[in-house]
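Observations on the three-dimensional arrangement
Chain residues, written in single-letter form:
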Amino acid sequence: IGDSLVESQIMDLTIQFAPYDVKIEPSTETLELNERDELTNRVCSAQCEPACSYAWYFNSIEGEPLERSDTLSMESVTRDAHGSYHCQATNTIHPPEEIQFNLVVNYGPEIETFESSPSEGNIIESNRTTFTCSVDTRPGASIYLTGPEGLSQTVDDGTELVHSINDVGCIHSGKYTCRSRNPKTEKEVTKDYDIKVKCSPSVLRSDPDDQIRGVTEGSDTFLFVESLSYPPPSFQWKRVFENGTSINMTSDNETPNQSNLAFNNVQIPDFGFYHVSAQNEIGRWQDVQ
């Protein structure tokens, strides 16, 4: 048998396939950042032949992509960046494949409203007044309300604090403070709100406080009264005689909510009973001796 010539040929076989085993590195299902933090590179990869192209989408695989690249990054995230990020790997073999991660962006708190109902200027004694402090924040923040008469109310994890005073009075006039703190961002904000309750006059302080002034003939003295009132009242002093008649007296050094009745060189006829009354648009106190 004679020799025969054998020929061989090498052939390359390439198997094409759709994307699979899509990954994001660094790998995380949920990433939590504070507003203005940097989102470092998130790189998408997949097994595919021919090579894949990549695109990133926000919240859903619809519309125009955020990035036509395998890499997603943001120098300074905003609260609007909160949501899901989808990486889609595509080649000429269908179907495409995707993977996603969730980005939580914490922000705030920011005090949106701090108000009373009725509004300041319309709060009248004996009525109900409600204070509301609302904050814009993620996640929920602690909210503190402080005010006159030792008022202290707290919401530990929320966006709104509501507190009512059922029988508001003069003593509730003053500065109210809403303070809020986000434990994630460690940001704290404060806002003050000054109110004056419209209220009828009441005696806050008087001199002499026992309503008896001892004085010697020829000396100088005075009677003093201070009211708790808004708006400030008008005062009227008068001398009351034993027979029940009275005469009005003119006060000295009168300032808002305070009035003096001065006596110079006191004489025997000056001894007696003196009364003072106060009145504003809300009401009055009767004569104080």
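Computed from a predicted model, the values in this text were never measured in an experiment.

The secondary structure content of the protein amounts to 0 helices and 21 strands. Since a compact globule built from 289 residues should have a radius of gyration of about 19 Å, the 40 Å found for the protein marks it as more spread out than a globular shape. Considering only C-alpha atoms, the protein reaches an extent of 165 × 30 × 25 Å along its principal axes. Counted over contacts in the protein with a minimum sequence separation of 6, partners at least 24 positions apart contribute 63%. Across the protein, the centroid of the 20 positively charged side chains sits 9 Å from that of the 46 negatively charged ones.

Take the pairing of strand 11 (residues 160-165) next. Taking every second residue as pointing to the same face, the buried face of strand 11 carries L161, H163 and I165, while none of E160, V162 and S164 on the other face is buried. Here strand 8 (residues 129-138) pairs with strand 11 via 6 bridges, running antiparallel. Note that in strand 11 the partner of C133 across the bridge is L161.

Once that is clear, we can look at the nonpolar core. Of all hydrophobic cores here, the largest spans 20 residues; its most connected members are Y54, W56, Y85, F101 and L103. Counting residues per element, the ones that place at least two in this core are strand 1 (17-25), strand 2 (30-34), strand 3 (39-49), strand 4 (53-58), strand 6 (83-90) and strand 7 (97-117). With 4 residues, the top contributor of residues to this core is strand 3. Beyond its immediate stretch of four places on either side in the chain, Y54 contacts C44, S45, A46, C48, E67, R68, S69, D70, C87, Q88 and A89. In terms of nonpolar packing, the next biggest core, distinct from the first, is built from 18 residues, F114, V168, C178 and Y193 among them.

Turning next to the sheet that holds strand 9 (residues 141-147). Reading across the sheet, the 4 strands line up as 10-9-12-13 and stay open at both edges, with antiparallel pairing between neighbours. Edge strands, defined here as strands with exactly one partner in the open sheet, are strand 10 (151-158) and strand 13 (188-195). Strand-to-strand twist of the sheet, defined as the mean angle between neighbouring strand axes without regard to direction, takes the value 15°.

Moving on to the pattern of salt bridges. Counted under the stated rule, the structure contains 10 salt bridges. Here R179 ties to E188 by a salt bridge, and the two come within 3.5 Å at their closest N and O atoms. With relative accessibility at 42%, the residue E188 sits in the partly exposed group. With a shortest N-O distance of 3.7 Å, K198 and E281 are connected by a salt bridge. Taken as a pair, K198 in the loop between strand 13 and strand 14 (199-207) and E281 in the loop between strand 20 (273-279) and strand 21 (284-288) lie far apart in primary sequence, 83 residues in all.

This paragraph deals with unusual backbone geometry. In this chain, E49 is followed by P50 through a cis amide linkage whose omega measures 0°. Among the structural elements, P50 can be located in the loop between strand 3 and strand 4. Along the chain, D207 connects to P208 via a cis peptide bond; the corresponding omega equals 10°. Here P208 is to be found in the loop between strand 14 and strand 15 (221-230). Positive phi outside glycine occurs at N257, with the angle close to 70°. Along the chain, N257 falls in the loop between strand 18 (252-255) and strand 19 (258-263).

The tally for this structure, following the rule as stated, stands at 8 aromatic pairs. With 5.6 Å between their ring centres and 20° between their planes, Y85 and F101 make a pair best called stacked. One end of the pair, Y85, is in strand 6; the other, F101, is in strand 7, and 16 residues separate them in sequence. The same class applies to Y85 as to F101, namely buried. Put simply, the rings of W56, F58, Y85 and F101 pair up and form one aromatic cluster.

Cut-off values and rules
- Residues numbered from 1 in each chain as written.
- Predicted model: local features only at pLDDT ≥ 70, side-chain atom pairs only at ≥ 80, totals over all residues.
- Heavy atoms only, no water.
- Helix = DSSP H or I, 4+ residues; strand = E, 2+ residues; numbered from the N terminus.
- Rg over C-alpha atoms; globule rule 2.2 N^0.38 Å.
- Contact = heavy atoms within 4.5 Å.
- Lys, Arg positive; Asp, Glu negative; His and termini not counted.
- Charge placed at Lys NZ, Arg CZ, Asp CG, Glu CD.
- Buried < 20%, exposed > 50% of the residue type's maximum accessible area, 1.4 Å probe, protein only.
- Pairing = 2+ DSSP bridges.
- Core = buried A, V, L, I, M, F, W, Y, C linked by side-chain atoms within 4.5 Å.
- Axes fitted to C-alpha atoms, helices over the stretch in contact; angles between N-to-C directions.
- Salt bridge = Lys/Arg side-chain N within 4 Å of Asp/Glu carboxyl O.
- Phe/Tyr/Trp six-rings, centres within 6.5 Å; stacked < 30°, edge-to-face > 60°.

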